[in-house]
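As a plain string of letters, each chain reads:
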Amino acid sequence: MANENTPLLSHGVFSVVGDGETTPRRTSRDALADDSTTSPKASIRKLNTFFGVMVPTILSMFSIVLFLRTGFVVGHAGLLQGYLMLGVAYFIVSLTILSICAISTNGAIQGGGAYFMISRSLGPEFGGSIGLMFFLAKVCACGVYVLGLVEALLAVFGQDPASGQASGLRVLPQGYWFTVLYGSVVLLLCLLVCLVGSHIYARAAFLILLVVTGALISILISPLVVEPRTITITHRGGDNHSQSLSYNVSYTGFNGTTLRNNLGPGYSTDYSTNKQMSFSTVFAVMFTSCTGIMAGANMSGELKNPSVSIPRGTILAVLYTFIVYVILFLLVGSTCERALLIGDYGFFQRISVWSPFVLIGVYCASISAAMCALIGASRILHALALDKLFGLPLAPAAITSSSGNPWMAVLYTWGLVQCTVFAAELNVIAGLVTVFYLLAYAAVDLACLALEWASAPNFRPTFQFFSWHTCLLGIVSCLVMMFVINPVYSSASIVLLLLLLLFLHYRSPTSSWGYISQALIFHQVRKYLLMLDVRKDHVKFWRPQVLLMVANPRSSSQLITFVNQLKKGGLYVLGHVQLGDLDLLPSDPIQQQYNFWLSLVDKLGVKAFVDLTLSPSVRQGTQHLLRITGLGGMKPNTLVMGFYDNSYPDDYFLQDPMFCNSGNDSCNNEGDDFGVDLPSLQAHFGPVRDEVTPRSLAPDEYVGIISDAIKMNKNVCLGRYFHRLLPSEGKGLRGDGAGHTIDVWPLNLLRPSTGASGYADVCSLFLLQMACVLNMASGWRRARMRIFLCVEAQSSSTPASEKADDQGRTEKKQSFQELLNKLRIRAEIKIVPWDVVVKLLDAGGDDSGHSHLGDLDNLTRTPLPVTQEFLSAVNGLLRENSAEASVRFLYLPRPPAVSSQYQQYLTQLDTLSRDLGPTLLIHGLTRVTCTEL
């Protein structure tokens, strides 16, 4: 078969901190050979675990916290709470790493890092919203790193805070606007590197790591070499920072007293922001060191073996950084007084064996982290733009240079980072960065949890050290810490996430990524279908479950729309039979048609399933659908068909502007119909029947379908003239149906009975229930419901008999009103005298030209044969009393038991319902009414 040699699904390969190549590469060798769109510049997978994962992850996690905020954390929180913060942060990170490893080893990952993982796992709504949030987190993180670098520069080259004068190397003036200026210059330098060649950073990453490691080693050996000393710290104070404050602090070297003094917390005012510190604010700053765990996963496009390198490299990098932080916390807690840790972010330079080396390490770590964040954020934005989830606002971000560098995305990102630089204080935006990253990590855990719960067969990650328990614990941990850090930021970020979700949901982007929602829905629906036991059905909760047989949607779209309003939340299936024999065909022609029918359902806006079958005859095909459509307790209980007559139908596609518009609309909706555009949809469904088109269904076969459905205990509805219900420019009743009328004739007009039983049998009550269901639909809620009772006068015309007739009519009306009250049906009862019509019945029972209908409805009664004159009179009575009705419900009698009378039965139904307007003839077998609570 043609599909047996289909290549694997293609995956694009994007570099996050590489050269920015965005050309998709097929994962199958065969696909590579015949894919003409693959660029020769596609990136080559050549990085191993160390260079591709460990180096970028370590650099991203060290960033500026290692050199500039280690003392800040220990000084305010103390050594014990500092270790608690470290443990909580790495616990959350470790749970997220398990999810990252699981997802990243389940398939090829393109550019965009966390965005790609979440979007391809959870679908476009979650992927787009979380991806944008993660982009904002990267933007804020880049601002943190830039401000950290500026802080380190001013600590060495800034003018003396005490004198405010330049002396020696301290020549840079200080102040808010100067800090913004220096940050803008540093950011501009990062921008130029990203625009000219971001590959420079990727190639220099290892050298930067060597420099940072050298600076770290110098810090670790300093307590063994440097003698205790007194250090003078000077800060600007006062309301406008015009005054200076100087005081002396001590570096004691390894000292037991210093260690004991630093064990407990000592939260005080932060000298850079003049704000009181607390556990949450200090943790927010410290957690920025844990925001680089995805740097290795983002390099998957350049890794030789990403399924091995990502888990191994990420875990080793996290263990390495954790050990380094544990040692550093103990080192500073046992050698430095608390006042030194709190009063000087850059105290490592003062206690180092060679301070310039520490300074170089600070600069390298800060500039490395800033450029990595800028490059990573721009690649996320570029991936969002390529996926076209947010439309025109992000469209320019998809533009790349000739070498594949997304320079417009870099400019977008640079502009947003520049806005964060105006905060001018690292600690101010650290909380926002932490909240955004925690939300992104929670989303990664959610993606892994959803994949695990969905139990999809294709979710087979090579990394097995995770479970739904770790995913759920990771989500809860992230959300709890978000609100501990900053409830306002956390609430605002979640609200923003929900707004983005709603925007993308209503925008309804179509993708071929796969929707986790579909897998989860399938999993849950299967479970609930098993619980939906048909043996527990109760009449109180009965609802229509409809199978509507459709020959050609061009002529029956109005009926499809009407039945959608009649289903009352029940199952609704569009059935179609294609004539043919599978033995004579090379393949099943039905499979290729489903997309066209599903696109039709989308166009009409109905909530329906589609079930198609191939059969030698329509009758056999309908039997198949009645038997096998649905599952468990969700199977059709009602068959609906269009009426069989000799009129030629109208083409609805030529009346509705949505179907007849061409050109521009089809272009605008390109890609929104799963490959089925409007011209293809119109071409698939052939023209409506005309005088030269042979019918595929004979009259006897049509009545046989009705008979089969009744034998299978299915209710039957025949719809006629529904093309008159809906105007050519509309698709249904507007508003709530005010001004419309629903007429119900609950008497079997082909087997008249004026007794009480004639209006209270199962079929009559089924008519009332269906009319009531329609009256409850949103488009018919305020429509007026009328029930017509046909009564016959006494034979004599004396005043006494007329008085008795009036009294009998009143009693019958009251009796029927009591029934309606018990059934909670609000309707107006109309009494219709039909003495003239009844007189046309032939009481002699001559079989010539007569049909003994209704024998199976009530075996205890002798059926009254009907004549053509009687049927014409009944039709006139219906037209006279229901001329203004929007829709009519009529009693459909059983077909005759003898197939030779099928044609006559159909002729009688045609005469009965001719020229009535929208009419539904119904035969109900199900007890659907209940007077109990």
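Before reading further, recall that the structure is shown in the block above.
Because the structure is a prediction, the values reported are computed rather than measured. (Residues numbered from 1 in each chain as written. Predicted model: local features only at pLDDT ≥ 70, side-chain atom pairs only at ≥ 80, totals over all residues. Heavy atoms only, no water.)

Trainee: Account for the packing of aromatic side chains, naming residues and giving values.
Mentor: With the rule as written, the count across this model stands at 32 aromatic pairs. Aromatic side chains Trp453 and Trp468 sit 6.0 Å apart centroid to centroid with 45° between the ring planes, which places their arrangement in the tilted category. With Trp453 in helix H16 (residues 426-454) and Trp468 in helix H17 (residues 468-485), the pair connects residues that are 15 residues apart, well separated along the chain. Given the relative accessible area of 41%, Trp453 is considered partly exposed. A residue is classified by how much of its surface remains accessible, and Trp468, at 32% relative accessible area, is partly exposed. Aromatic side chains Trp745 and Phe788 sit 4.4 Å apart centroid to centroid with 5° between the ring planes, which places their arrangement in the stacked category. In this pair, Trp745 sits in strand S10 (residues 741-745) while Phe788 sits in strand S11 (residues 784-791), placing the two residues 43 residues apart along the sequence. As far as burial versus exposure is concerned, Trp745 and Phe788 are alike and both buried. Taken together, the ring pairs in this structure connect Phe134, Phe279, Phe283, Phe287, Tyr437 and Tyr441 into an aromatic cluster. (Phe/Tyr/Trp six-rings, centres within 6.5 Å; stacked < 30°, edge-to-face > 60°. Helix = DSSP H or I, 4+ residues; strand = E, 2+ residues; numbered from the N terminus. Buried < 20%, exposed > 50% of the residue type's maximum accessible area, 1.4 Å probe, protein only.)

Trainee: So what's going on with the pairing of strand S8 (residues 638-642)? Which residues, and what values?
Mentor: The buried fraction of S8 is high, at 4 of 5 residues. For strand S5 (residues 546-549) and S8, the ladder comprises 3 bridges, and the chain directions are parallel. Counterpart to Leu548 in the pairing with S8 is Val640. (Pairing = 2+ DSSP bridges.)

Trainee: For empty space enclosed by the protein, give the residues involved together with the corresponding values.
Mentor: Take a probe with the size of a water molecule and roll it over the atoms, and the empty space left behind shows itself. All chains considered together, the criterion is met by 3 cavities of 30 Å³ or more. In this structure, the largest cavity spans a volume of roughly 70 Å³. Taken together, Ser60, Lys138, Ala141, Tyr145, Thr291, Gly292, Ala369, Cys372, Ala373 and Tyr437 make up the full set of residues lining the largest cavity. Listed by contribution, the elements that provide at least two residues to the lining of the largest cavity are helix H6 (124-157) and helix H14 (355-387). Of the residues contributing to the lining of the largest cavity, the split by class is 6 nonpolar, 3 polar and 1 charged. (1 Å grid on protein atoms, 1.4 Å probe; cavity = no way out; pocket = protein on both sides within 12 Å on 5 of 7 lines; lining within 4 Å. Points joined across faces, edges and corners; volume = space filled by probe spheres on them. Nonpolar A, V, L, I, M, F, W, Y, C, P; charged D, E, K, R; others polar.)

Trainee: Give me the packing of helix H26 (residues 699-711) against helix H31 (residues 902-913): which residues, what numbers.
Mentor: A pair of packed helices can be characterised by two numbers: the angle between their axes and the separation between those axes. Relative to each other, H26 and H31 sit at 85°, their axes nearing to 9 Å. If you check the angle between H26 and H31, you find them roughly perpendicular. Along its contact with H26, which presents Pro699, Asp700, Tyr702, Val703, Gly704 and Ser707, the element H31 presents Tyr902, Gln903, Tyr905 and Leu906. Across the contact of H26 with H31, the residue classes tally to 6 nonpolar, 3 polar and 1 charged. (Axes fitted to C-alpha atoms, helices over the stretch in contact; angles between N-to-C directions. Parallel < 35°, antiparallel > 145°, perpendicular 65-115°, else oblique. Contact = heavy atoms within 4.5 Å.)

Trainee: Break down the nonpolar core for me, citing the residues and quoting the values.
Mentor: Core analysis: the largest hydrophobic core is formed by 160 residues, its most contacted members being Leu66, Phe67, Val212 and Ile293. Sort the elements by how many residues they give to this core and H16 lands first, with 20 residues. Beyond its immediate chain neighbours, meaning those up to four positions away, Leu66 contacts Val212, Leu216, Val324, Tyr325, Leu328 and Phe348. (Core = buried A, V, L, I, M, F, W, Y, C linked by side-chain atoms within 4.5 Å.)

Trainee: Please give an account of the sheet that holds S11 that cites residues and values.
Mentor: Spatially, S7-S6-S5-S8-S9-S14-S13-S10-S11-S12 is the arrangement adopted by the 10 strands of the open sheet, whose pairing is mixed. Whereas interior strands pair on both sides, the edge strands pair on one side only; in this sheet they are strand S7 (609-615) and strand S12 (828-833). For this sheet, the mean angle separating the axes of adjacent strands, direction not counted, is 25°. As paired elements, S5 and strand S6 (residues 572-579) share 4 bridges and run parallel to each other. Looking at the pairing, Met549 lines up with Gly575 of S6. Docked against the sheet, helix H30 (residues 868-881) engages S10, S11, S12 and strand S13 (887-891), running at close to 150° with respect to S10.

Trainee: Give me the lowdown on unusual backbone geometry, citing residues and values where you can.
Mentor: Of note, Arg824 is a non-glycine position whose phi angle comes to about 55°, a positive value. Mapping Arg824 onto the fold places it in the loop between helix H28 (799-822) and S12. Since its relative accessible area comes to 53%, Arg824 is described here as exposed. The phi dihedral of Asp915 is positive, around 60°, even though this residue is not glycine. In this structure, Asp915 sits in the loop between H31 and strand S14 (919-923). Since its relative accessible area comes to 40%, Asp915 is described here as partly exposed.

Trainee: Please give an account of the pairing of S13 that cites residues and values.
Mentor: Within a regular strand, the side chains alternate between the two sheet faces. Counting buried residues in S13 gives 5 out of 5 residues, a clear majority hidden from the surface. Of the two faces of S13, the one carrying Val887, Phe889 and Tyr891 and the one carrying Arg888 and Leu890 are both buried. Bridge analysis of S10 against S13 gives 4 bridges, and the strand direction is parallel. Considered in S13, the bridge of Ile742 is made with Val887. Two strands pair when backbone bridges link them, and S13 and S14 are joined in this way by 4 bridges, in the parallel orientation. Within S14, the residue paired with Phe889 across the bridge is Leu920. In the classification by handedness, the crossover that spans S13, the intervening H31 and the parallel S14 is right-handed. (Right-handed = clockwise from strand over helix to strand, strands pointing away.)

Trainee: Lay out the pattern of salt bridges with the relevant residues and their values.
Mentor: Tallied over the entire structure, the rule returns 11 salt bridges. Put simply, Glu151 and Arg69 hold a salt bridge, and the shortest N to O gap is 2.7 Å. Remark: Arg69 occurs in the loop between helix H3 (65-68) and helix H4 (70-104) and Glu151 occurs in helix H6; sequence separation between them is 82 residues. No difference in accessibility class separates Glu151 from Arg69, as the two residues are buried. Between Arg720 and Asp645 there is a salt bridge whose closest N-O contact spans 3.3 Å. Taken together, the residues Arg720 in strand S9 (residues 715-720) and Asp645 in the loop between S8 and helix H23 (657-660) connect sequence positions 75 residues apart. The residues Arg720 and Asp645 share a single accessibility class, namely buried. What emerges from the salt-bridge pattern is a single network uniting Asp645, Arg720, Asp910 and Arg914. (Salt bridge = Lys/Arg side-chain N within 4 Å of Asp/Glu carboxyl O.)

Trainee: Explain the packing of helix H10 (residues 279-287) against H16 to me, using residue names and the numbers behind them.
Mentor: Between H10 and H16, the shortest axis-to-axis distance is 8 Å and the interhelical angle comes to 70°. Compared by their axis directions, H10 and H16 come out roughly perpendicular. Pair H10 / H16 crosses with left-handed handedness. Of the residues in H16, those in contact with Ala284, Val285 and Phe287 of H10 are Asn427, Ala430, Gly431, Thr434, Leu438 and Tyr441. A breakdown of the residues in the contact of H10 with H16 according to their chemical character gives 6 nonpolar, 3 polar and no charged. (Left-handed = near helix turned anticlockwise from the far one by under 90°.)

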